[in-house]
Amino acid sequence: MKKILLVVCILSFAVGAQADFGRKFLKKDNVTAAQNAVKAATLSDEDMAKLSREAVASMDEQNPVVPDGDLLAKRFDDIVKGLESEDGLALNFKLYNVSDVNAFATPDGSIRVMAGLMIIMTDDEVRSVIGHEIGHVKLQHAKKQYQKAYSVAAGKDAAGANSGSAGKVLADSQLGAFLEDVMNAKFSRNDESASDEYGFNFMVKHGFDYHAMEGAFSKLAELSGESGKKSLKATHPGAAERARIAKERANAQDKKMKQARR
Ligand SMILES: [Zn+2]
């Protein structure tokens, strides 16, 4: 259970430390299997929606939720109040009672935040992470990842696609493999950058403090012990670099708003 959780975190809000931290929980075979997947099975939109509900239901089953009445749960409710839908996407939220500093979203608009993230971040920093996660869904990144993992899961089984019983897209036995493959996957640098931008615009649109995204990434950079200089060279933008970009965006937005007020 612990393994599933730690690993799933990587895919969603992947930053250097989290990825490195999680990597030791990954089985090499899974990565290879994903890379070697030859059988491409395409999910219909309907099955994609179903599969993401099945996946999130499985995650919800495996992870405890912060009980109602808990101060953290109350804070979380306040943070997500008014975010029932975004950009035409219906959203649902849960706060997992686990210490990981992370969050993830599934293609059906389920957003899951870990208590560890809530503890170290301010309300608006959490919102900026939520905006980023919504970005992965709205920009089809999550869907792409699900499609890939589905092909692998279906390909591992001769019965292939739609072999789930009781109207399920994947059988329970396949769902485990599917979740593992999804967990092994990482969003590309471009996808992460695009989601950062989406998250930033989400903050502006809702009138939240759009400087908070810089704060969120700075905290993640601190956690991962990154130095700004080092991360600049990285193939994938590290948290420090993403904080720098978020700061630039926020400063540009400040200027824009100042000019609008004139
Ligand atoms: Zn991300």
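Parameters at a glance
- Residues numbered from 1 in each chain as written.
- Predicted model: local features only at pLDDT ≥ 70, side-chain atom pairs only at ≥ 80, totals over all residues.
- Helix = DSSP H or I, 4+ residues; strand = E, 2+ residues; numbered from the N terminus.
- Buried ≥ 20, exposed ≤ 12 C-beta atoms within 10 Å, placed from the backbone.
- Contact = placed C-beta atoms within 7 Å.
- Pairing = 2+ DSSP bridges.
- Axes fitted to C-alpha atoms, helices over the stretch in contact; angles between N-to-C directions.
- Parallel < 35°, antiparallel > 145°, perpendicular 65-115°, else oblique.
- Nonpolar A, V, L, I, M, F, W, Y, C, P; charged D, E, K, R; others polar.
- Left-handed = near helix turned anticlockwise from the far one by under 90°.
- Expected span 1.5 Å × (residues − 1).
- pLDDT = per-residue confidence, 0-100.
- Core = buried A, V, L, I, M, F, W, Y, C linked by C-beta atoms within 7 Å.

Further remarks concern the overall build of the chain. Regarding its fold elements, the chain presents 13 helices and five strands. Within the span of the chain, comprising 262 residues, buried residues form 43% of the whole. Considering only residue pairs separated by 6 or more positions, the chain has 69% of its internal contacts joining residues 24 or more positions apart.

What the three strands build is an open sheet, ordered E3-E5-E4; its pairing is mixed. A strand with exactly one partner marks an edge of an open sheet, and here the two such strands are strand E3 (92–96) and strand E4 (103–106). Strand-to-strand twist of the sheet, defined as the mean angle between neighbouring strand axes without regard to direction, takes the value 15 degrees. The pairing of E4 with strand E5 (residues 110–114) spans four bridges and is antiparallel. Its bridge partner being in E5, Ala103 is matched across the sheet by Val113.

Packing of helix H7 (residues 123–138) against helix H11 (residues 212–223) brings their axes to within 8 Å, and their N-to-C directions diverge by 85 degrees. The angle between H7 and H11 falls in the class roughly perpendicular. Here Asp124, Glu125, Arg127, Ser128 and Val129 of H7 come into contact with H11, specifically with Ala212, Met213, Gly215 and Ala216. Here the contact of H7 with H11 is composed, by residue class, of four nonpolar, two polar and three charged.

With that settled, the discussion passes to the environment of Pro64. Position of Pro64 among the secondary structure elements: in the loop between helix H4 (45–62) and helix H5 (71–80). On a C-alpha basis, the gap between Pro64 and Tyr96 in space is 5.7 Å, while along the polypeptide they are 32 residues apart. Aside from chain neighbours lying at most four places away, what touches Pro64 is Tyr96 and Asn97.

Both faces of the sheet carry side chains from a regular strand, because those side chains alternate between them. Here E4 shows a buried face lined by Ala103 and Ala105 and a second buried face lined by Phe104 and Thr106. Following E4, the chain reverses through three residues before pairing antiparallel with E5; Gly109 in that reversal takes a positive phi of roughly 90 degrees.

What follows covers the environment of Gly135. The topology assignment puts Gly135 in helix H7. Overall, Gly135 belongs to the buried group, with 25 C-beta atoms counted inside 10 Å. Each C-alpha atom, one on Gly135 and one on Glu192, is 9.0 Å from the other, the two residues being 57 residues apart in sequence. Those residues within four positions of Gly135 in sequence are excluded, and the remaining contacts are Ala194, Ser195, Tyr198 and Gly199.

The next thing to look at is the packing of H11 against helix H13 (residues 239–261). Running from N to C, H11 and H13 point in directions that differ by 165 degrees, and their axes come no closer than 8 Å. The pairing of H11 with H13 is recorded here as roughly antiparallel in orientation. The two elements H11 and H13 cross, and the hand of that crossing is left-handed. From H11, Met213, Glu214, Phe217, Ser218, Leu220 and Ala221 reach across to H13, where they touch Ala239, Ala240, Arg242, Ala243, Ala246, Lys247 and Ala250. Taken together, the residues that form the contact of H11 with H13 break down as nine nonpolar, one polar and three charged.

It is worth spelling out H13 at this point. Its 23 residues give H13 an end-to-end C-alpha distance of 33 Å, which sits within 8% of 33 Å, the value for a rise of 1.5 Å per residue. Taken residue by residue, H13 has Ala239, Ala240, Glu241, Arg242, Ala243, Ala246, Arg249 and Ala250 as its buried positions.

Right, let's talk about the confidence of the model for the chain for a bit. Confidence in the prediction of the chain, expressed as mean pLDDT, is 80, and 75% of residues score 70 or more. Every residue in residues 1–39 is under pLDDT 50, and counting partners more than four places away or in other chains gives 83 contacts. When the criterion is pLDDT under 50, residues 231–235 qualifies, and its contacts beyond four places in sequence or with other chains add up to seven contacts.

Val113 and Leu117 are the most contacted members of the largest nonpolar core, which totals 56 residues. Looking at which element gives the most residues to this core, the answer is helix H8 (residues 141–156), with seven residues. Once residues within four sequence positions are removed from consideration, Val113 is found in contact with Phe76, Leu95, Ala103, Met118 and Val126.

A few words now on unusual backbone geometry. Of note in this structure, Asp87 is not a glycine but carries a positive phi near 60 degrees. Within the element layout of this structure, Asp87 appears in the loop between strand E1 (85–86) and strand E2 (89–90). Residue Gln140 is not a glycine yet carries a positive backbone phi of 70 degrees. Tracing the chain through its elements places Gln140 in the loop between H7 and H8.

Turning our attention to the pairing of E5. Of all five residues that make up E5, five are buried, and the element is covered over most of its length. The pairing of E3 with E5 spans five bridges and is classified as parallel. Bridge assignment links Lys94 to a residue of E5, and that residue is Arg112.

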